[in-house]
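So you can see what is in the structure, the chains are spelled out below.
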Amino acid sequence: MFVYLSKKIAIPNNVKLNCIAWNKEEGYIAVAGTEGLLKVLKLDQAANNGPSKGGLAAVSNLSMNQTLDGHKESVKVVTWNDAQHKLTSSDVDGVIMVWMLYKGAWYEEMTNDRKKSTVAGMSWTSDGTKICIVYEDGAIIVGSVDGNRIFGKELKNTHLTGVQWSPDNRLILFALANGECHLYDNQGNFAMKLNIKCITLSSSAGRIQRIASISWFSGTLNNRSRPVLAICYENGKVQIMRNENDDNPAIFDTGMRNVDAKWNHDGSVLAICGTSLEAASPMRDTNQVCFYSPLGRLHRTLKVPGSDITSVSWEGKSLRIAMAVDSFIYFANIRPEYIWCYFEKTVVFLNSSNGNGGSGSGGSSSSTNVITFWNTVSNQSFLKEVEPTLCLAASNEHCVIGVECVSSNIKEIALSTLETHNNSNNSDGRVYQLLLCNSIGTTVDSKYTDIKPRFVGINAAYVVIASYEEILIWHYYTPKSTSNLHGVKARKEKRFHIHDTPTGVDLSKDLLVQGEQRRVIDPICAIALSEKLLLVACESGVINEYSVANVSLRNRHTTHSKIHKIAINCNSTRAAIIDNLGVMTLLDLDDNRETQLNFSRVERKDVWAVSWAKDNPLLLALMEKTRMYIFRGNDPEEPISCSGYICTFEDLEITSVLLDDIISCGELQNSSHLIQLRVKSLRDTDDLLEHVGLEDAKQFIEDNPHPRLWRLLAESALKQLELETAENAFVRCANYPGIKLIKRLRNITSQILQKAEIAAFYGEFDEAEKLYMDADRRDLAIDLRMTLCDWFKVVHLYRMGGAGVSDQQMETAWREIGHHFANLKSWESAKEYYEKSHYLEGSIESLYHLEQFDELVTFVDKLSEKSPLLTKLAEMLVSVGMCSEAVQAYLKFGDPKAAVNACVNLRQWGQAVELAQRYQMPEVNVLLSKHAAQLLNEGRLPEAIELQRKAGKHLDAARLLCKLAEQEVEKRAPLLRIKKIYILAALLAEDHLKSLATPQLDYAIDRNRLLDEISLEDAAYIERIWHCAEGYHYMLLAQRQLRFGIMHSAVITSLRLRDYDDVLPVEDIYSLLALASCADRSFDTCSRAFMKLESLESLPEKMQQEYEELAVSIFSKNEPEDHKVDTVACYSCAAHVPDNLPSCMECGARFPGCVSSGKPITQPTSNIWICSTCHHCASPMEITRHRTCPLCHSPIALIK
């Protein structure tokens, strides 16, 4: 931060001032002094100071100067109640008065007259509802805002000197005359004594240390660990505590006799005023105000004229401070060290709500910060949330943000990264990150480090950070530099200590030894980086000059003061240096003595910012108080009033931004916060060109050459049609387009057409069009608008021409307008203009984006064969899954291969195979096989089955389905699911047979002959599939019959299951048979089933034993005989056989099973029902109970 005196107000009659208080909300200033003086002042900035004088540069006038009459004696204490808009004052007689504002003037509201003692201090609560008044004799009064006393207390034998409320209004802190601080609750009960560590308290009268001031910050803090309670003693000792119980406060010595202390608006700076303890001479000012961080670090010292400073007070936003000295009020402006930068027409800054953006204490107070990237051209803002921000710097295209990693996950990643690279010398466990961002806040590169980035610089290739003792040079890279990837490996960080002397030859010897702790004798206080040089300043005044590329120490410069800021010019020949007192001097860095200027006499005071011009190494802009000076070499131009922070100095224009309004005052940034200032030579050139003439202006520019001035001369000469002068100016500023314009103008005889060309060259297109029309050259006006792609104007000019415009010209204009709306993604409007211009490609594009696919399909018929648009249309249809329509488009274009590829991509394999067969493309089958194999390797069996089915490979799909059924069997899936899978496989196999049918071989009649026609292996596999399906069907049927009590039918069906022991588990078959026959009391069949179970070698011995015991228990009570034996006649030999046998015991003829009941059909040649789908039979009586085939579930036609 920087502080400088800005204004002085004298009190009439030389009345000595005792105290001053600045209202934080309304800006009123109350001053009190001897002879009962009490005044209320208000400083308002004049409204007519121009836009460039915003903020502190505006002239401030007294809008109120009211004397409040009421006190007879010297007024000692004044305090504001900001929340309730009241002023409280008291004098040495103990008279307390409360003042209120009414109709623009202050009036007495109430008075409290206790003349026993003098008021030592008054303090309002943060919400303004209570006031605590303490008297020197130990009396305490706590009252409400309406004048009612809440409680009073007398502290015997105690002298009080001050009072403060705690931030939460629960505690009251009293300062005692003996140097102690006592804490009471808000009801007047003693709580504790504060632990004073900055001095040793003594009871002897001669060694009593009096408290000068206590200040307890009551605002909102995001960081609870920041000290807020300041206790200042007259001997210069200061103690700042985090809370009333803090045993480790910040302690320091101001070196002066402290008088008063106040916190700024956000608690980030403590101002302490007093008198220097050094021996004072009559010619030397002894009054001063020191500004400290909450941890006791001195930011700045302000010398104040006068003999006796008595009080200090901050403005509401802490941009100004007022001091009462003798009979004068001094005002000082504060220039905070905001965390900000500027590049690519973008202002990047840390929001004030995220910490101490203006405190300059080098850190943030919240766990996360929001960085704003404000584009000053488009007025758009992009927000970026980061870890606590420590610093910001910018180069031409990027900025770097230094943050501290506090989040546990980010910190863990950072620590692991540092350990991996083996470059960590981290003793305190803190980790930091450098974020390289573009102009919209996107991070393009980053780096973790254990060096705290207290100082930072950046150029086109490097980022340099420095702590108090170490320097890190990081060679970053961006997306634009990816073409130089061969150099990425060489982009290593370079790290060294301030006391090292790097030579650049062997960098490894110059680097800091890992784990080595080195004592800092002369800490770093500032750095500056250019494209060639790095300057590092130490507190002793020594400046080390390094070359950036090879990190070698080139030179050492010595100054006689502590340096605060350094800036290097554009060609790295000179540097501007600002010391901690605000004195700016220039340092020559050029080794060529012939080019050096004598800069020893250039010295400016009260400088708080400097900026070199980007295009001229001799131009320097600096901020001196509220004035901006531009130096050309050693000579300053006349100053310009401004309080903005300099963003950039380029092309004889200075861009500055009013950061005070944006950050401190919280205004929403807009164009009014950006100020453009022109240097004197630019202003003078404008005046000469406007009021004098070209020759004088040309002579002036030759004396003060700059490309910007030559461009101005060329423009002015062109508008006067002085082509020779304009050409000379264009040559001097190397403007090749301007030289070409001069050549073109010399070929034009008409002056009005020359003026039109000049207007168009300078972007005055409406004026150029008007001149063309005045010259009756509508064609040139149309050409101009065509060049500008302003097709709306082209259409307008066409219509003005009447009948002389062809349809082709209008269609071209309509088409270009359609392109305009298409670029804006306004597809409805684009479609309308494309239709007007009969531009089919644009219409297709518009319909596609409007998702009007039905209308889009109609273009397949509208387009002619071999039209290139058919391919584009087909691609659009493929992208939305319209396969058939896409195929039609491809075939019309004559590209069957693309049509097949579309079918393949959309998984329409059937259509793909059909097209491949039609156009003889066998490679589709290869592609199909590869894709199916890939799906199988990936375990995507269902997708492979669907693929084969759609491709018409029914038998291959059936094989895969059987494989799927086998997997389900292994999983012990439900039997019904397994049966369904086998049925699906069998039906696909039947589809395969149908595909082989011919007019001579009808599938419905000649199925068996079709089976004979195919290979034996395939025929057997088809029959095997049906065999598996039958097995699971009869197993389910037997269980269903057993469940519903149809025991005899269950026995018959179970006996048929013996033919499927190659499909079903044998144990399950004979277990079911034994159970059904036992329930049917067919014990002979049951006995045979148990015998089979007991003889199964696959069963464990224990299981066989259990079956044997179960059989004994059954047959010990029942004879092994079947009690229900029905016989039927064999259709072949007419022998009588039991109805439960699947074949004749005499002739061996097999009886087909009824798929409905499981019973054998002994007369298959007579009345029988056969399914037309699966070709399995059933008894006509049984099938009448079903609507679908019991096996394949295909619908049954009604039997008449």
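Each value, and the rule that gives it
Residues numbered from 1 in each chain as written. Predicted model: local features only at pLDDT ≥ 70, side-chain atom pairs only at ≥ 80, totals over all residues. Heavy atoms only, no water. UniProt positions renumbered as here; feature names shortened; annotations may be inferred. Helix = DSSP H or I, 4+ residues; strand = E, 2+ residues; numbered from the N terminus. Buried < 20%, exposed > 50% of the residue type's maximum accessible area, 1.4 Å probe, protein only. Contact = heavy atoms within 4.5 Å. Salt bridge = Lys/Arg side-chain N within 4 Å of Asp/Glu carboxyl O. Patch = residues over 30% accessible without salt bridge, like charges linked within 9 Å, V, L, I, M, F, W, Y side chains within 5 Å. Areas by Shrake-Rupley, 256 points an atom, 1.4 Å probe, with all protein chains shown as cover. Lys, Arg positive; Asp, Glu negative; His and termini not counted. Charge placed at Lys NZ, Arg CZ, Asp CG, Glu CD. Pairing = 2+ DSSP bridges. Expected span 1.5 Å × (residues − 1). Axes fitted to C-alpha atoms, helices over the stretch in contact; angles between N-to-C directions. Parallel < 35°, antiparallel > 145°, perpendicular 65-115°, else oblique. Left-handed = near helix turned anticlockwise from the far one by under 90°. Nonpolar A, V, L, I, M, F, W, Y, C, P; charged D, E, K, R; others polar. Polar contact = N/O pair within 3.5 Å; in protein donor to acceptor, adjacent residues only side chain to side chain. pLDDT = per-residue confidence, 0-100. Phe/Tyr/Trp six-rings, centres within 6.5 Å; stacked < 30°, edge-to-face > 60°. Lys NZ or Arg CZ within 6 Å of the ring centre and 35° of its normal. Arc of directions from axis to C-beta.

The name given to the chain in an unreviewed UniProt entry is WD repeat-containing protein 35, with Drosophila arizonae as the source organism. The Subcellular location (unreviewed entry) comment attached to the chain in UniProt states, word for word, "Cytoplasm, Cytoskeleton, Cilium basal body".

A. Spotlight on the environment of Glu 154. Along the chain, Glu 154 turns up in strand E13 (residues 149-154). Residue classification places Glu 154 among the partly exposed residues on the basis of a relative accessible area of 44%. Sequence separation between Glu 154 and Asp 137 is 17 residues, and the spatial gap between their C-alpha atoms is 8.4 Å. Sequence-distant contacts of Glu 154, defined by excluding residues within four places in its chain, comprise Arg 114, Gly 138 and Ala 139.

B. The arrangement of the pattern of salt bridges in detail. Under the criterion given, the structure shown has 50 salt bridges. The shortest N-O distance in the salt bridge between Asp 1084 and Arg 1088 comes to 3.4 Å. Placement of both Asp 1084 and Arg 1088 in helix H30 (residues 1083-1094) is noted, with a separation of 4 residues, approximately one turn of the helix. Here Arg 1088 falls in the exposed class, since its relative accessible area comes to 56%. Counted as one network, the salt bridges with shared partners bring together Asp 766, Glu 769, Arg 785 and Asp 790.

C. Examining a negative patch on the surface more closely. Together, Glu 695, Asp 696, Glu 702, Asp 703 and Glu 722 make up a region of like negative charge exposed at the surface. Its location among the elements puts Glu 722 in the loop between helix H6 (707-719) and helix H7 (723-732).

D. Geometry of the pairing of strand E28 (residues 328-335). The buried count for E28 comes to 7 of 8 residues, which makes it a mostly enclosed element. The pairing of strand E1 (residues 2-10) with E28 spans 8 bridges and is antiparallel. Paired with Ile 9 across the two strands is Ile 329, which belongs to E28.

E. Representation of helix H13 (residues 807-823) within the structure. Taking 1.5 Å of rise per residue, 17 residues should cover 24 Å, and H13 covers 24 Å from first to last C-alpha, within 8% of that figure. By the burial criterion, the buried members of H13 are Met 810, Ala 813, Trp 814, Ile 817, Gly 818, Phe 821 and Ala 822. Packed against the buried residues of H13 are helix H12 (791-800) and helix H14 (827-836). In the stretch just after H13, Lys 825 is the one whose phi turns positive, near 60 degrees.

F. Here's a closer look at the side chain of Lys 452. Counting through the fold element by element, Lys 452 comes out in the loop between strand E36 (443-449) and strand E37 (455-458). Nearest to the buried, unbridged Lys 452 among oppositely charged side chains is Glu 404, at 5.5 Å.

G. Focus on the packing of helix H9 (residues 751-761) against helix H10 (residues 765-774). Where H9 meets H10, the closest approach of the two axes is 8 Å, and the angle between their N-to-C directions is 160 degrees. Between H9 and H10, the crossing angle belongs to the class labelled roughly antiparallel. Of the two elements, H9 crosses H10, and the hand of that crossing is left-handed. Note on element contacts: H10 touches H9 through Phe 765, Glu 767, Ala 768, Leu 771, Tyr 772 and Asp 774, opposite Ile 752, Leu 753, Lys 755, Ala 756, Glu 757, Ala 759 and Ala 760. Per-class residue counts for the contact of H9 with H10 are 9 nonpolar, no polar and 4 charged.

H. Molecular detail of the sheet that holds strand E41 (residues 524-529). An order of E41-E42-E43-E44 is seen for the 4 strands of this open sheet, with the pairing classed as antiparallel. Strand pairing shows two members of the sheet lacking a second neighbour, E41 and strand E44 (552-558), which therefore form its edges. On average, each strand axis in the sheet is inclined to that of its neighbour by 20 degrees, with strand direction left out of account. The pairing of strand E43 (residues 542-547) with E44 spans 6 bridges and is classified as antiparallel.

I. Highlighting the sheet that holds strand E38 (residues 462-466). If you trace the 4 strands from one edge of the open sheet to the other, you get E37-E38-E39-E40, paired in antiparallel fashion. Every interior strand has two partners, whereas the edge strands, E37 and strand E40 (494-497), have only one. Ignoring strand direction, the axes of neighbouring strands in this sheet form an average angle of 15 degrees. Sheet topology places strand E39 (residues 470-475) next to E40; 4 bridges connect them, and they run antiparallel.

J. Molecular detail of the environment of Leu 1099. Tracing the backbone through its elements, the reader meets Leu 1099 in the loop between H30 and helix H31 (1101-1115). Distance from Leu 1099 to Ala 1050, taken between C-alpha atoms, is 25 Å for residues 49 residues apart in sequence. Those residues within four positions of Leu 1099 in sequence are excluded, and the remaining contacts are Glu 1067, Leu 1093, Gln 1104 and Tyr 1107.

K. Quick look at the side chain of Asn 569. With respect to the helices and strands, the residue Asn 569 is situated in the loop between strand E45 (563-568) and strand E46 (574-579). Side-chain polar atoms of Asn 569 contact the side chain of Asn 571, separated by 3.1 Å. Polar side-chain contacts of Asn 569 include one of 3.2 Å to the backbone oxygen of Pro 617. Excluding its chain neighbours within four sequence positions, the residues that come into contact with Asn 569 are Arg 574, Trp 612 and Pro 617.

L. The arrangement of the confidence of the model for the chain in detail. Averaged over all residues, the pLDDT of the chain equals 86, while 92% of them reach at least 70. Put simply, helix H2 (residues 507-510) is where the chain has its lowest mean pLDDT, 44, and E37 is where it has its highest, 96. Counting interchain partners and residues more than four positions distant, the pLDDT-below-50 stretch residues 356-365 has 34 contacts. In the predicted structure, residues 507-515 sits below a pLDDT of 50 and forms 20 contacts with residues beyond four places in sequence or in another chain.

M. Expanded view of the packing of aromatic side chains. Overall, the coordinates contain 28 aromatic pairs when judged by the stated rule. When the centroid spacing of 5.6 Å and the interplanar angle of 35 degrees are considered together, the rings of Trp 814 and Tyr 833 count as tilted. Taken as a pair, Trp 814 in helix H13 and Tyr 833 in helix H14 lie far apart in primary sequence, 19 residues in all. Look at Trp 814 and you get buried, because its relative accessible area is 11%. In this structure Tyr 833 comes out as buried when scored by relative accessible area, which is 15%. When the ring of Phe 1083 is compared with that of Phe 1115, the centres are 6.5 Å apart and the planes differ by 85 degrees; the resulting orientation is edge-to-face. Taken together, the residues span a long stretch of sequence, with Phe 1083 in helix H30 and Phe 1115 in helix H31 at a distance of 32 residues. Here the aromatic residues Tyr 338, Trp 340, Trp 608 and Tyr 645 are joined through ring pairs into a cluster of three or more. The side chain of Arg 335 reaches across the aromatic face of Trp 608, ending 4.5 Å from its centre. Over the aromatic face of Tyr 629 sits the side chain of Arg 604, whose NZ or CZ is 4.4 Å from the ring centroid.

N. Molecular detail of the environment of His 1027. Turning to its location among the elements, His 1027 is positioned in helix H27 (residues 1016-1043). With a relative accessible area of 19%, His 1027 lands in the buried category. Once you skip the residues sitting within four places of it in the chain, His 1027 turns out to touch Asp 1059, Tyr 1060, Asp 1062 and Val 1063.

O. Layout of the packing of H7 against helix H8 (residues 736-746). Where H7 meets H8, the closest approach of the two axes is 9 Å, and the angle between their N-to-C directions is 160 degrees. When the axes of H7 and H8 are compared, the pair comes out roughly antiparallel. Both H7 and H8 take part in a crossing whose hand is left-handed. Residues Leu 723, Glu 724, Ala 726, Glu 727, Phe 730 and Val 731 of H7 form the contact with H8, whose own contacting residues are Gly 738, Ile 739, Ile 742, Leu 745 and Arg 746. Tallied by class, residues from the contact of H7 with H8 come to 7 nonpolar, 1 polar and 3 charged.

P. The arrangement of H7 in detail. Within the span of H7, buried status applies to Leu 723, Thr 725, Ala 726, Ala 729 and Phe 730. All buried residues of H7 fall inside an arc of 160 degrees around its axis, so they share one side. In this structure, the buried side of H7 is in contact with H6, H8 and H9. The first or second residue beyond H7 is Ala 734, which carries a positive phi of 55 degrees.

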